[in-house]
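Listed below are the residues making up each chain.
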Amino acid sequence: MSSDGSPPASPPARRAPSARASKGNRMASLIAQEEDEREDDADKEFYEQDFWADAEEDAEYAMEADDEGADSFDSDFGDSSESDGDDGEEEEKAARKAAKPKKRSVYVDPKARADKQAAGEGGA
């Protein structure tokens with residue numbers, strides 16, 4: 001109760017949060033930016049390690065590899081090593097293929113086939 005005798009005033013009603021489409025975009029962008037900075041720092045820290053600092057030794061290795069000489073081409077690489085006796089087998093295969101009758105792929109209804117076979121057995 002208040003000092004003037006009236007009942008205490010109730011607190012104002014709470015409003016529901018607004019349904020703005022852009023609600024929280026600033027915070028999300030700041031979080032993403034901070035995450036990118038962390039990744040950049042981690043990448044920088046990783047690649048600044050002494051492990052990656054041996055470029056001088058790599059240069060010496062590259063020079064040694066060049067001094068070894070160019071790859072040589074085998075002189076017998078281009079020669080064919082086919083035997084003359086294989087020609088007879090190829091001719092036989094071709095003759096066998098020509099002698100076989102070609103199958104025709106035609107759809108036959110299974111019910112019609114069964115009816116045809118039943119009629120052929122009944123007449124024989």
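These numbers come from a predicted model, not from an experiment.

Moving on to the overall build of the protein. A tally of helices and strands in the protein yields four helices and zero strands. Secondary structure of the protein in N-to-C order comes out as α-α-α-α. Residue burial in the protein is summarised as follows: out of 124 residues, 0% are buried. A total of about 13,000 Å² of accessible surface is found on the protein, and carbon and sulfur atoms cover 51% of it.

All told, the structure shown has one aromatic pair when counted by the stated rule. Consider the rings of phenylalanine 46 and tyrosine 47, whose centres lie 4.9 Å apart with planes at 85 degrees: the pair is edge-to-face.

On the surface, Glu35, Asp36, Glu37, Glu39, Asp40, Asp41, Asp43, Glu45 and Glu48 cluster together into a patch of negative charge. Mapped onto the elements, aspartate 40 comes out in helix H1 (residues 25-47).

What follows concerns the pattern of salt bridges. Applying the stated criterion across every chain, the model contains two salt bridges. One salt bridge in this structure joins arginine 38 and glutamate 34, with 2.7 Å as the shortest N-O distance. In this pair, arginine 38 and glutamate 34 are both assigned in helix H1, four residues apart and thus about one turn of the helix distant. A relative accessible area of 56% means that arginine 38 is categorised as exposed. Between glutamate 92 and arginine 96 there is a salt bridge, with its nearest N and O atoms 3.7 Å apart. Of the two residues, glutamate 92 and arginine 96 are both situated in helix H3 (residues 87-99); the distance of four residues between them amounts to about one turn of the helix.

Before going further, it helps to examine the confidence of the model for the protein. Regions with low pLDDT should not have their predicted coordinates read in detail. Looking at the protein, the pLDDT average stands at 75 and 65% of residues meet or exceed 70. For the protein, the element scoring lowest by mean pLDDT is helix H2 (residues 55-67), at 63; H1 scores highest, at 90.

A few words now on a nonpolar patch on the surface. Where nonpolar side chains cluster on the molecular surface, the patch consists of Phe46, Tyr47, Phe51 and Trp52 and spans about 480 Å² of accessible area. Locating phenylalanine 51 in the fold gives a position in the loop between H1 and H2. Judged by relative accessible area, which is 57%, phenylalanine 51 ranks as exposed.

Cut-offs used in this document
Residues numbered from 1 in each chain as written. Predicted model: local features only at pLDDT ≥ 70, side-chain atom pairs only at ≥ 80, totals over all residues. Heavy atoms only, no water. Helix = DSSP H or I, 4+ residues; strand = E, 2+ residues; numbered from the N terminus. Buried < 20%, exposed > 50% of the residue type's maximum accessible area, 1.4 Å probe, protein only. Areas by Shrake-Rupley, 256 points an atom, 1.4 Å probe, with all protein chains shown as cover. Phe/Tyr/Trp six-rings, centres within 6.5 Å; stacked < 30°, edge-to-face > 60°. Patch = residues over 30% accessible without salt bridge, like charges linked within 9 Å, V, L, I, M, F, W, Y side chains within 5 Å. Salt bridge = Lys/Arg side-chain N within 4 Å of Asp/Glu carboxyl O. Lys, Arg positive; Asp, Glu negative; His and termini not counted. Charge placed at Lys NZ, Arg CZ, Asp CG, Glu CD. pLDDT = per-residue confidence, 0-100.

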